[in-house]
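Now for the letters of each chain:
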Amino acid sequence: MRIRDFREADSSRVNEVALSAFAQFKLLYDDWPAMAAGIGSMAALAQKGEVSVAEHDGTIIGAVAYIAPHAPKAPYFDAAWPIIRMLVVDPQSRGLGAGRALTEACIDRARRDGSQVIALHTSPIMTVALPMYLRMGFARLRDAPPIHGVEYAVYLKQLA
């Protein structure tokens, strides 16, 4: 597996992986069509930040967006924080370490940008991602607004 920068030609596969990764949660969101519309346009995050993809055997199996310090972001984040957005891994490729490697790529970018912290928001329904983030040193900071009826919280990792 390798982690590389997103290219425009990756757009449809990244969007497909994102939808596939979230499909298991579709009955938990009270407006799945609206949620799916946002998830299904994950590649658009490349216009707001840096997207990385994970490839295995020449196929994209995961992706994540890194949003730099002081770039526009949701108001429940401190504007000075870099953040991780939309970490997704194809369900058929879980267990290969793509999620952790993509998260580490974002942490590396935060360090490159001189940040002392990196943040993200996630939900208890993310039973693979949330425990991974906790093992990697992210700590729950505060509640974030629910998304289509699903509880979310902000998590922060100290990088110093």
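Provided above is the structure to which this section pertains.
The structure reproduced in this document is the subject of the present report. As the structure is a prediction and not an experimental result, all values here were calculated from the model. (Residues numbered from 1 in each chain as written. Predicted model: local features only at pLDDT ≥ 70, side-chain atom pairs only at ≥ 80, totals over all residues. Heavy atoms only, no water.)

**Here we look at the side chain of Arg 4**
Logical step 1: With respect to the helices, strands and loops of the structure, Arg 4 is situated in strand S1 (residues 2–5).
Logical step 2: A residue is classified by how much of its surface remains accessible, and Arg 4, at 7% relative accessible area, is buried.
Logical step 3: Here Glu 55 takes part through its side chain, which lies 3.0 Å from a polar atom of the side chain of Arg 4.
Logical step 4: Setting aside anything within four residues of it in sequence, one finds Arg 4 in contact with Asp 10, Val 51, Ser 52, Val 53, Glu 55 and Ile 60. (Helix = DSSP H or I, 4+ residues; strand = E, 2+ residues; numbered from the N terminus. Buried < 20%, exposed > 50% of the residue type's maximum accessible area, 1.4 Å probe, protein only. Polar contact = N/O pair within 3.5 Å; in protein donor to acceptor, adjacent residues only side chain to side chain. Contact = heavy atoms within 4.5 Å.)

**Considerations on the packing of aromatic side chains**
Logical step 1: For the structure on display, the rule yields four aromatic pairs.
Logical step 2: Here the aromatic rings of Phe 22 and Phe 25 are separated by 6.1 Å at their centres, their planes lie at 75 degrees, and the arrangement is edge-to-face.
Logical step 3: When its relative accessible area of 7% is taken as the criterion, Phe 25 is described as buried.
Logical step 4: Centroid distance Tyr 133 to Phe 138: 5.6 Å. Interplanar angle 65 degrees. Geometry classified as edge-to-face. Phe 138 shares its class with Tyr 133; the two are buried. (Phe/Tyr/Trp six-rings, centres within 6.5 Å; stacked < 30°, edge-to-face > 60°.)

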